[in-house]
Amino acid sequence: MCASVKYNIRGPALIPRMKTKHRIYYITLFSIVLLGLIATGMFQFWPHSIESSSDWSVQKRSIRDVPVVRLPADSPVPERGDLSCRMHTCFDVYRCGFNPKNKIKVYIYSLKKYVDDAGVPVSSTISQEYNELLTAVADSDYYTEDIARACLFIPSIDLLNQNALRVKETAQALAQLSRWDRGTNHLLFNMLPGGPPDYNTALDVPRDRALLAGGGFSTWTYRQGYDVSIPVYSPLSAEVDLPEKGPGPRRYFLLSSQMALHPEYREELAALQARHGEAVLVLDKCTNLSEGIPAARKRCHKHQVFDYPQVLQEATFCVVLRGARLGQAVLSDVLRAGCIPVIIADSYILPFSEVLDWKRASVAVPEEKMSDVHSILQSIPQRQIEEMQRQARWFWEAYFQSIKAIALATLQIINDRIYPYAAISYEDWNDPPSVKWGSVSNPLFLPLIPPQSQGFTAIVLTYDRVESLFRVITEVSKVPSLSKLLVVWNNQNKNPPEDSLWPKIRVPLKVVRTAENKLSNRFFPYDEIETEAVLAIDDDIIMLTSDELQFGYEVWREFPDRLVGYPGRLHLWDHEMSKWKYESEWTNEVSMVLTGAAFYHKYFNYLYTYKMPGDIKNWVDAHMNCEDIAMNFLVANVTGKAVIKVTPRKKFKCPECTAIDGLSLDQTHMVERSECINKFASVFGTMPLKVVEHRADPVLYKDDFPEKLKSFPNIGSL
Amino acid sequence: MQSWRRKSLWLALLASWLLILLGLFPLLRLAVPTSPRAGAPQGWPRWLDTELLQSFAKPGELLEDGPRPPQALRGGSCNWGACFDTSKCRGGGLKVFVYPAAGPVSETRRRILASVEGSRYHTLSAAEACLLLLLSPDTSTGERDPVPPQWDGGRNHLVLSLHPAPCPRTFQLGQAMVAEASPTVDTFRPGFDVALPLLPEAHPLRGGAPGQLRQHSPRPGVALLALAEDGGRWHVAGTDFSACPWDGRCEQDRGPKQTHPGATLPNATFCLIPGRGPDVLHFLQALQAGCIPVLLSPRWELPFSEVIDWTKAAIVADERLPLQVLTALQEMPLTRVLALRQQTQFLWDAYFSSVEKVIHTTLEIIQDRIFGPSAHPSLLWNSPPGAILALPTFSPSPSDFPFYHLQQGSRPLGRFSALIWGGALGQPPLKLIQAVAGSEHCAQILVLWSSEKPPPTRWPKTAVPLTVIDGHRKVSDRFFPYSAISTDAILSLDAHSSLSTSEVDFAFVVWQSFPERMVGFLTWSHFWDEARGGWGYTAKRTNEFSMVLTSAAFYHRYYHTLFTHALPKALRTLADEAPTCVDVLMNFLVASVTKLPPIKVPYGMWHQEARPPPLEPGGPGLRQEPQPAAQNCINQMAAGFGHMPLVSSRLRLDPVLFKDPVSVLRKKYRSLEKP
């Protein structure tokens, strides 16, 4: 508003100062500027209208212009692949020593055209897919231009399809790469290995120690932990638009869509169809298609014509049989359609099997058992089928859908081998995003009751209420399991009392002075905290008895992953206002405990200080409120569990101070606390707090039992 | 005129700004050198003729790669599909036959045989078996073993050897699988062979020592690194090491060290284990101690690597990058350290702490291969309580188990089934049925009628369906996984149990927060009886408890499956013979799975006046066992489990406002307030 007013005033104020003789000057200026503008525009946009990408740093060249390299007939040929290679024998990790942030650096050799002595090209220069692959690598964080710093080298010689190259000459081309060195740290990509009549399951080009990312490995050619098994890319992934179809019952139970099957397999499939009728559909090549329809996109059963790959979405299970090669592009199409692949290819190493759990997305059936396939699949319950369908689709989206996805997954696998301590977890690889969202991995998942002897550290946050503080210290020091007392002195203007004035207690007492009066100082992971259990206690909580505190510690031992506290609070959904509300009345439920008096694991201090999401920590410090609510949110979010409230409700009041309860009754305070809940819920993106209806009491609490025989008799006294 | 001038002025200003914006940026780009070599290609070029590039495969090439007949078996190499005949394993799942030992056997062999024979897979008939287990001859005896009678080229055989075989085998392995301790990666056939851990001679048969970890996070001041040395010793390196402590070349840089005499467990956060042969024993030690194993280029396959995700419990690092590895260990985030430490303990307890567990895990892996799609999902193998205690036959979906709700983001179903064990009672327990049916959470009532008299034809009218199941006379039948049970929660009751609706409601709400535990009303506690040198238990009210009576307790229906299908038959027979034992057995079972105590909820004292004393909960005629037999039962159970799984608790969960000085009208569970 202010800005627009300002402009209106400035315009007229300028104009009257202009003289008529200046008009020419302005017109000239205007023309020059206009011309310049047009020129710049031409310069800027003209070349880019040819090529959509406008990356300035990239050279624009034609494939035809790449330098030609002549390979003499007697140039060296690498050894055949070394089957005993492992990362620790054949891979030179020293080259990866420079890489920061646990990320390998990858160099790509520049593109050359290789010809033999006679000038006949060794292979087609580069395929569309390999170009895409190298582009993806070059655009990723892995890429480096500095050959001296690279840890992994990717030749630009296209090896994706062995049939498109001359084996010996390609090997010679590899051998003359500037850093070849027996292929150490070189990564070769191949999707279609072998050729007629043998169809080897790995690339036949001699490659010595080079790593092979191959599509179609068998257990005999795959070097476990060294090679990477990759999918055979299906060009249909890019060509065809296939909207996702959710899991659920489908028309056909089992479908076979492959065209070039061995007659023996086809007989088996025909027999299956004969036995199970409508539920099984076996498709084949269409023989009488009219001209102009691409054969790849149609499948036929007798005279019925089906669209491919759409028909895959009509089936629950889809057969992926071995052809001459083990790796089949149809696997990609099948996964995409959310059809569960039934892999019938003994000894086939499934794509990315090093990290992907194929049991969750596919069914492997031994070739020998092909006739039983129907009964094997029938035994899978419907819920598991839907899970597998979802998983299949997720695998396609994450690792099959584009050449880029395949390239990056391959590099990630190699990266994880070199930096195992920073490796991606099983869940990261395999869990679809929907599962990742809903799941909680409790950081303290091991069921473990810590020994009582360890004790706990009490942390008292104080500002200047020395008298009350001393009373708290005296009370807390009576608790048998207390092992240390830490006073966090949050007042920078005043020095803590002299040593001689402090109460004499049986455990070490440390005073930590803080640099700034912040509430988050209470949750700082101080080195002085040696026990796992921490008791956070305000300097005015003098009403808790020693029995109550000791019992609280015992309860924490049984629930070391939870907040175990005394005053409980509740959050409620306010339907009128459509937002969360804070509640401190006598309710039958609790979802929070106040950290004015609560036991918890010291790990949560670390989380609060270093891993608190969003700006919550700063927000709390700025508002000087709600640090306890933030802690409740944090712990509930990370563990997925509710708090434990211990012992009956007490009147938390004390004569000279505004105790938690005294303050909570204040109306504005309640509004503020409600604001906190709403703010935190929006930062966390969810409401992590769990509501429960129980609290923990000693086994014999209020039981008709002699008081003197009870372990914790003094509980609940007001 | 003036307006035109004004406009032109503004246009000029605007245009000049545009010019600056458009013109200056590229100039700036040019001014700042982006590459050391001018004109060098940057990144991968965007080819002008990308559109013209051919696809890597010719159209149709991907679809028709030339048909080829099914492959013949390749000599020498075996994989699961080719060399194992699963058709023998139809029906009963995995049935294992063990060749009996001939002549004197070593202690280790005896233990292996005992653990297979005691397992749920064992069969006495070689013809019925789908897996034949052959113990590899002891390396000490140089005798030539004859080829076993059912050998058949090794098909469906598993050759088990707990020590890596240094000498060539006396007969050809053929198609047999090999389960060998720490096999070398070069000979190991993934998905066919099984990698075992190298067990020390004195490894216990059953139960086994618990993990050493006493707290989740490392103790402050504990050494960062311990290095495996010869003879099972550990060399604890200080935190101020400067370089590679495992490299002989920088021996002098080791920093302060203490060397522990003898084979002790390391006390450090990370345990460095060189990857060569003799150090494998260290691996299990580190695991037991909760010291995160850092394996330096291991030449051997990690145990059970087919199913265990070792990246969650150990770090396989490259020995050639000492500084990087050390830096990475030092800088490892606390969260990861915590997770790794806890996982070592879970794995140790679940799969390695006894010979029995190692053998069962091996057989479970082979059974998983046979099961194919209905095998254990990875989650069941890699999170507590582990795959031996999580039976995949129960359900294919982890969210049906009581253990994985957090990971799955699921929760147990919101209703329960009341299962009333009729005992020898002749009359339907009307009051109890009314009280239970009155609960809003009750889905059904099942009465297990096991009296000789026929069940009465008239049952009280209830809001929920009531089904009478004709039970057998055996006490263990009350824990049979009846298909009629349709909910996750079971409220197990005796005919003479006395409960109020409020109590049932509250207990169920508590159970929903702890679906893996038992939530009960009446408790027992166990203790070590010095005088008798054994365990004892008492029903006296004390300040702690470790068992809840199944005459009134909530628990997950999965425990019925586990009770019936996973417990050794001998233990169930024991429970049938001494019926009070069945409570002990159920509590042992749940505690050994959860490693946690059960949960006690309030129980009105007025019930107890109207019922027999709690030690005889079986009702008239069934559980009047004399005390000594009952006490003996807990010791027999402890022997059967190999350890004492019970854990004591000192707390009871009450409603939030329980007996608080506030109006009763505010309280949800009012009737619990009765004195």
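Residue numbering note: each chain is counted from 1, following its sequence as written. Just so you know, chain letters begin at A and ligand numbers begin at 1, following the order they were written in. Totals for whole chains, interfaces and linings use all residues, but because this is a predicted model, local features are given only for residues with pLDDT of at least 70 and pairs of side-chain atoms are given and counted only at 80 or more. Side-chain measures were taken over the full set of non-hydrogen atoms in the model, leaving aside hydrogen atoms and water.

## Some thoughts on the overall build of chain A
The secondary structure listing takes helices from DSSP runs of H or I that are at least 4 residues long and strands from runs of E that are at least 2 residues long, numbered from the N terminus. When you go through chain A residue by residue, the secondary structure sums to 20 helices and 26 strands. For chain A, the residues scored as buried account for 60% of the 718 residues in total. As displayed, chain A offers around 29,800 Å² of accessible surface, 54% of which is attributable to carbon and sulfur atoms. The classification of residues rests on relative accessible area computed with a 1.4 Å probe and restricted to protein chains. Under 20% of the type maximum is buried, over 50% is exposed, and intermediate values are partly exposed. Accessible surface area values rest on a Shrake-Rupley calculation with a 1.4 Å probe, where residue burial reflects the displayed protein chains alone.

## Some remarks on the interface of chain B and chain A
Between two residues, a contact is recorded if the distance between any of their heavy atoms is within 4.5 Å. If you look at the interface, chain B gives 138 residues, while chain A gives 156 residues. By buried area we mean the combined loss of accessible area, with a 1.4 Å probe, across both parts when two parts are placed together. A per-residue breakdown of the area chain B buries against chain A is headed by B:W44, B:R46 and B:F56, which together make up 7% of the total. Any Lys or Arg side-chain nitrogen located within 4 Å of an Asp or Glu carboxyl oxygen qualifies as a salt bridge. Inspection of the chain B/chain A interface yields 11 salt bridges. With a closest N to O distance of 2.7 Å, B:K668 and A:E693 form a salt bridge. Under this definition, polar contacts are N or O atom pairs within 3.5 Å; protein pairs additionally need one hydrogen-donor-capable and one acceptor-capable atom, and for neighbouring residues in sequence, both atoms have to be side-chain atoms. The tally of links from chain B across to chain A stands at 49 residue pairs in polar contact (both at pLDDT 80 or more). No other element matches the 16 residues that helix α1 (residues 2–31) of chain B contributes to the side of chain B that touches chain A. Two strands make a pair as long as DSSP finds a minimum of two bridges between them. Where strand β26 (residues 694–698) of chain A meets strand β23 (residues 651–655) of chain B, five bridges bridge the pair, whose relative direction is antiparallel.

## Structural notes on the side chain of B:T344
All names here are of chain B. Within the fold, T344 resides in helix α6 (residues 334–352). Among the residues examined, T344 registers a relative accessible area of 0% and is labelled buried. Non-local contacts of T344, meaning those with residues more than four positions away in its chain, are made with L287, G290, C291, I292, P293 and A313.

## So, helix α20 (residues 667–684) of chain A
All names here are of chain A. A helix is expected to span 1.5 Å for every residue after the first. Over its 18 residues, α20 extends 26 Å from the first C-alpha to the last, a length consistent with the 26 Å expected when each residue adds 1.5 Å. Residues of α20 that are buried include every one of H669, M670, R673, S674, C676, I677, N678, F680, A681 and F684, and no others. Just beyond α20, the residue with positive phi is G685, at close to 75°.

## Describing the state of the cysteines
Residue and element names in this part refer to chain A. Criterion for a disulfide: a pair of cysteine sulfur atoms within 2.5 Å. Under the defined criterion, the tally for this structure stands at eight disulfides over all chains. The disulfide partner of C85 is C90, and the S-S distance across this bridge is 1.9 Å. Judged by the sign of its S-S torsion, about -85°, the cystine formed by C85 and C90 is left-handed. The residues C85 and C90 share a single accessibility class, namely buried. Disulfide partner of C96: C151, at an S-S distance of 2.1 Å. Judged by the sign of its S-S torsion, about 60°, the cystine formed by C96 and C151 is right-handed.

## With respect to the sheet that holds strand β7 (residues 211–214) of chain A
Backbone hydrogen bonds are what pair the strands of a sheet, in a parallel or an antiparallel way. All names here are of chain A. The three strands are arranged β6-β7-β8 in an open sheet whose pairing can be described as parallel. Among the strands making up the open sheet, the edge pair consists of β6 (187–190) and β8 (228–229). In this sheet, β7 lies alongside β6 in parallel orientation, the contact comprising four bridges. Looking at β7, one finds that N190 is bridged to G214.

## Remarks on unusual backbone geometry
Residues and elements named next belong to chain A. Between Y308 and P309 the backbone carries a cis peptide bond, its omega angle lying at 10°. Here P309 shows up in the loop between β12 (304–307) and β13 (315–321). Despite not being glycine, S347 shows a phi value in the positive range, around 70°. Overall, the relative accessible area of 10% leaves S347 in the buried class. Phi at M624 takes a positive value of approximately 50°, unusual for a residue other than glycine. Considering the arrangement of structural elements, one finds M624 in the loop between α17 (616–623) and α18 (627–639).

## Regarding the environment of A:S481
Residue and element names in this part refer to chain A. Mapped onto the elements, S481 comes out in the loop between α14 (466–476) and β17 (482–489). The class for S481 is buried, based on a relative accessible area of 9%. Every residue in contact with S481, bar those within four places of it in the chain, is listed here: Q452, G455, F456, R506, Q550 and Y553.

## Structural notes on the sheet that holds strand β4 (residues 157–161) of chain B
Residues and elements named next belong to chain B. The five strands are arranged β2-β3-β4-β5-β6 in an open sheet whose pairing can be described as parallel. Either end of the sheet is taken by a strand with one partner, and the two such strands are β2 (96–98) and β6 (194–196). Each adjacent strand pair in this sheet contributes to an overall mean axis angle of 20°, direction not counted. By the bridge criterion, three bridges tie strand β5 (residues 177–181) to β6 in an arrangement that is parallel. Note on β6: the bridge partner recorded for E180 is A195. Packing of helix α7 (residues 355–371) onto the sheet brings it into contact with β2, β3 (131–135), β4, β5 and β6, and relative to β6 it is tilted by some 165°. Orientation is described by axes fitted as lines to C-alpha atoms, over the contacting stretch for helices, and by angles from 0 to 180 degrees between their N-to-C directions.

## Describing α18(A)
Residues and elements named next belong to chain A. In this model α18 runs 18 Å from its N-terminal to its C-terminal C-alpha over 13 residues, within 8% of the 18 Å that 1.5 Å per residue would give. Across the 13 residues that make up α18, a large majority, 11, are buried. All of the buried residues along α18 are E627, D628, I629, A630, M631, N632, F633, L634, V635, A636 and T639. At the C-terminal side of α18, G640 shows a positive phi close to 70°.

## Let's talk about the confidence of the model for chain A
Residues and elements named next belong to chain A. Averaged over all residues, the pLDDT of chain A is 87; the fraction at 70 or higher stands at 90%. Note on scores: pLDDT gives the predictor's confidence for each residue, bounded by 0 and 100. Averaged pLDDT values for the elements of chain A fall to 39 in helix α1 (residues 2–14) and rise to 97 in β8. In the model, residues 1–18 has pLDDT below 50 throughout and makes four contacts with residues more than four positions away in sequence or in other chains. Every residue in residues 45–57 is under pLDDT 50, and counting partners more than four places away or in other chains gives 14 contacts.

## Looking at the nonpolar core
Nonpolar side chains in soluble globular proteins tend to be buried together. By size, the foremost hydrophobic cluster in this structure holds 134 residues, and its most contacted members are B:F416, B:V436 and B:I445. For this core, the leading source of residues is helix α14 (residues 581–594) of chain B, giving 10 residues. Not counting residues up to four positions away in its chain, the partners in contact with B:V436 are B:F416, B:A418, B:C442, B:I445, B:L491, B:L493 and B:V504. Residues enter a nonpolar core if they are buried and are Ala, Val, Leu, Ile, Met, Phe, Trp, Tyr or Cys, with the set joined through side-chain atoms within 4.5 Å. With 107 residues, the next largest nonpolar core counts A:F91, A:L283, B:L224 and B:L329 among its residues.

## What about the environment of B:Y404?
Residue and element names in this part refer to chain B. With respect to the secondary-structure elements, Y404 resides in the loop between α8 (378–382) and α9 (405–408). Classification of Y404 by relative accessible area gives buried; the value is 0%. Taking the C-alpha atoms as reference points, Y404 and P384, 20 residues apart in sequence, are found 8.8 Å from one another. Y404 has contacts with L379, L380, S383, P384, P385, A390 and P398, leaving out every residue within four places of it along the chain.

## Quick word on the side chain of A:S237
All names here are of chain A. Mapped onto the secondary structure, S237 falls in helix α6 (residues 236–239). A residue is classified by how much of its surface remains accessible, and S237, at 10% relative accessible area, is buried. Contact partners of S237, with chain neighbours within four places excluded, come to S332, R336, W396, F400 and Q401.

## What to know about the packing of α18(A) against α20(A)
Residues and elements named next belong to chain A. Orientation of α18 relative to α20, taken along the N-to-C sense of each, is 35°, at an axis distance of 10 Å. Note on packing geometry: the crossing formed by α18 with α20 is right-handed. Contacts between α18 and α20 involve D628, I629, A630, F633, L634 and N637 on the former and, on the latter, R673, C676, I677, F680, A681 and F684. Under the convention adopted here, Pro, Cys and the residues Ala, Val, Leu, Ile, Met, Phe, Trp and Tyr are nonpolar, Asp, Glu, Lys and Arg are charged, and Gly plus all remaining residues are polar. When its residues are assigned to classes, the contact of α18 with α20 shows nine nonpolar, one polar and two charged. For any pair of crossing helices, the crossing counts as left-handed if the nearer helix is rotated counterclockwise from the farther one by less than a right angle, and right-handed if it is rotated clockwise.

## Brief notes about the packing of aromatic side chains
Any pair of Phe, Tyr and Trp rings, taking the six-membered ring for Trp, is counted once the centres come within 6.5 Å. Such a pair is stacked with planes under 30 degrees apart, edge-to-face with planes over 60 apart, and tilted for the rest. For the structure shown, the criterion picks out 58 aromatic pairs over all chains. Ring plane angle 65° and centroid distance 5.1 Å describe the contact between B:F394 and B:F401, whose orientation is recorded as edge-to-face. The exposure class assigned to B:F394 is buried, which follows from its relative accessible area of 15%. Assessed through its relative accessible area of 0%, B:F401 is described here as buried. Aromatic side chains B:F394 and B:Y558 sit 4.8 Å apart centroid to centroid with 70° between the ring planes, which places their arrangement in the edge-to-face category. Residue B:F394 is located in the loop between α8 and α9, and its partner B:Y558 is located in helix α12 (residues 558–565); the two are separated by 164 residues in the primary sequence. B:Y558 carries the same exposure label as B:F394, and that label is buried. One aromatic cluster in this structure is built from A:F352, A:W358, A:W394, A:F395, A:Y399, A:F400 and A:W429. Whether a charge sits over a ring depends on NZ of Lys or CZ of Arg being within 6 Å of the ring centre and within 35 degrees of the ring normal. A:R649 extends its terminal NZ or CZ atom over the ring of A:W586, reaching a point 4.5 Å from the ring centre.

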